[in-house]
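For reference, the chains in residue letters:
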Amino acid sequence: MADKIKDAKIIFVVGGPGSGKGTQCEKIVAKYGYTHLSSGDLLRIEVASGSDRGKQLQAIMQKGELVPLDTVLDMIKDAMIAKADVSKGFLIDGYPREVKQGEEFEKKIGKPCLLLYVDAKAETMVKRLMKRGETSGRSDDNEETIKKRLDLYYKATEPVISFYEGRGIVRKVDSELPVDEVFSQVSTAIDALK
Ligand SMILES: Nc1ncnc2c1ncn2[C@H]1C[C@H](O)[C@@H](COP(=O)(O)OP(=O)(O)O)O1
Ligand SMILES: [Mg+2]
């Protein structure tokens, strides 16, 4: 496993809920051909399957809490293995959510070459999520859960950014700007890799 993805680039895409991670990842996929793995989407697929594990996950996610570390990591790893032969890079979207998740990822999978920090104000994120909630069908896009997810983001995930800043791999993009302008900052960060 470690061998198979050794040469692939790994990018952590980190930012608050509703900051625009998914939106930017979609554009990276289109321009650079990376494989996009959203931990949230992987979990939602499991929930939709109606499995016992899915039911447990559903309860946790609806409360806006983090699901157990090994569960998410196993799902990401399986998805990476499935794409290892054809992928030159992986976008790990919405993970790590806490420093410990990052450490586990590196132990079991590999090191990121870049942490893309998608930054937006809390007020902006709430607005976008409320709007997204009108059509997303996501049970966690409601006012009460959004507040919890934001609190958890500031408490658990912001330290992740400081942790990787120490390694010099963090590039911050201003996601208050229109999507295409954010993407031009994203492109600059990715073009600088190699
Ligand atoms: N730069 C931007 N300007 C305006 N709206 C944006 C934006 N980036 C994303 N959005 C919108 C699209 C979605 O409806 C909502 C949340 O975006 P998202 O990509 O789903 O966020 P995330 O994956 O970080 O939770 O905000
Ligand atoms: Mg997303």
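With an unreviewed UniProt entry as reference, the protein is termed Adenylate kinase isoenzyme 1, source organism Scophthalmus maximus. Comment text from UniProt for the protein, heading Subcellular location (unreviewed entry), reads "Cytoplasm". As its UniProt record puts it under Subunit (unreviewed entry), the protein is described as follows: "Monomer."

Colleague: What's the story with the nonpolar core in this structure? I'm lost.
Modeller: The nonpolar side chains of soluble globular proteins are, as a tendency, buried together. With 32 residues, the main nonpolar core has Ile76, Met80, Ile92, Phe105 and Leu115 as its most contacted residues. By residue number, the principal contributor to this core is helix α4 (residues 69-83), which donates six residues. Sequence-distant contacts of Leu115, that is, excluding residues within four places in its chain, are made with Phe12, Val14, Val160, Ile161, Tyr164, Ile169, Val170 and Arg171.

Colleague: When you look at the pattern of salt bridges in this model, what are you seeing that I'm missing?
Modeller: Opposite charge on two side chains permits pairing when their charged atoms draw close. By the definition in use, this model includes 16 salt bridges. The closest approach of N and O atoms between Glu46 and Arg53, which form a salt bridge, is 3.7 Å. For Glu46, a relative accessible area of 18% puts it in the buried group. In this structure Arg53 comes out as partly exposed when scored by relative accessible area, which is 37%. Arg167 serves as the salt-bridge partner of Glu106, at 3.0 Å between the closest nitrogen and oxygen. Placement of the pair is Glu106 in helix α5 (residues 99-108) and Arg167 in the loop between α7 (143-165) and β5 (170-174), with a sequence separation of 61 residues. By relative accessible area, which is 37% here, Arg167 ends up partly exposed. Several salt bridges share partner residues, and in doing so they unite Arg132, Arg138, Asp140, Asp141 and Arg149 into one network.

Colleague: Before we go on, may I ask you to explain the packing of aromatic side chains in this structure?
Modeller: How two aromatic rings sit relative to each other is set out by the distance from centre to centre and by the angle between their planes. In this structure the tally under the stated criterion is six aromatic pairs. Ring centres of Tyr32 and Tyr34 lie 6.4 Å apart, and the angle between their planes is 80°; on these two criteria the pair is classed as edge-to-face. Each member of the pair, Tyr32 together with Tyr34, is buried. With centroids separated by 6.0 Å and ring planes inclined at 45°, the aromatic side chains of Tyr95 and Phe105 adopt a geometry described as tilted. Pair noted here: Tyr95 is in the loop between β3 (89-93) and α5 and Phe105 is in helix α5, with a separation of ten residues, a long-range link. Judged by its relative accessible area of 0%, Phe105 falls in the buried class. One aromatic cluster in this structure is built from Phe12, Tyr95, Phe105, Phe163 and Tyr164.

Colleague: What exactly am I supposed to notice about the site of ligand 1 here?
Modeller: Around ligand 1 sit 15 residues in total, of which Gly18, Lys21, Thr23, Arg132 and Leu177 are the nearest. Gly20 has a polar backbone atom sitting 3.1 Å from an oxygen atom of ligand 1. Backbone polar atom of Leu177 to a nitrogen atom of ligand 1: 2.8 Å apart, as the coordinates give it. Taking 550 Å² as the accessible area of ligand 1 by itself, protein coverage stands at 74%. By residue number, the principal contributor to the shell around ligand 1 is helix α1 (residues 21-32), which donates three residues. Its residues assigned to classes, the shell around ligand 1 shows five nonpolar, seven polar and three charged.

The rules behind these values
Residue positions are given per chain, counted from 1 along the sequence in the order it is written. Chain letters start at A and ligand numbers start at 1, both assigned in the order the entries are written. Local features are withheld for residues below a pLDDT of 70 in this predicted model, meaning they are given only at 70 or higher, and side-chain atom pairs are given and counted only at 80 or more; totals for whole chains, interfaces and linings count all residues. Side-chain numbers here rest on the full set of heavy atoms in the structure, without hydrogens or water. UniProt positions are given in the numbering used here, feature names are shortened, and annotations may be inferred rather than shown by experiment. Among the buried residues, those of types Ala, Val, Leu, Ile, Met, Phe, Trp, Tyr and Cys that are joined through side-chain atoms within 4.5 Å form a nonpolar core. When a residue's accessible area, from a 1.4 Å probe over protein chains only, is under 20% of the maximum for its type it is buried; when over 50% it is exposed; and in between it is partly exposed. Only DSSP runs of H or I reaching four residues or more are called helices, and only runs of E reaching two or more are called strands; each is numbered from the N terminus. Between two residues, a contact is recorded if the distance between any of their heavy atoms is within 4.5 Å. Counted as salt bridges are all cases of a side-chain nitrogen of Lys or Arg within 4 Å of a carboxyl oxygen of Asp or Glu. A pair of aromatic rings is counted whenever rings of Phe, Tyr or Trp (Trp by its six-membered ring) have centres within 6.5 Å, and the orientation is called stacked for planes under 30 degrees apart, edge-to-face for over 60 and tilted otherwise. Here, proximity means that at least one heavy atom of the residue falls within 4 Å of the molecule or strand. Any pair of N or O atoms that falls within 3.5 Å is considered a polar contact. Within protein, one atom must be able to donate a hydrogen and the other to accept it, and sequence-neighbouring residues count only if both atoms are side-chain atoms. Calculation of accessible area relied on Shrake-Rupley with a 1.4 Å probe; when residues are assessed, cover is drawn exclusively from the protein chains displayed. Residue type decides the class: Asp, Glu, Lys and Arg count as charged, Ala, Val, Leu, Ile, Met, Phe, Trp, Tyr, Cys and Pro as nonpolar, and the leftover types, Gly among them, as polar.

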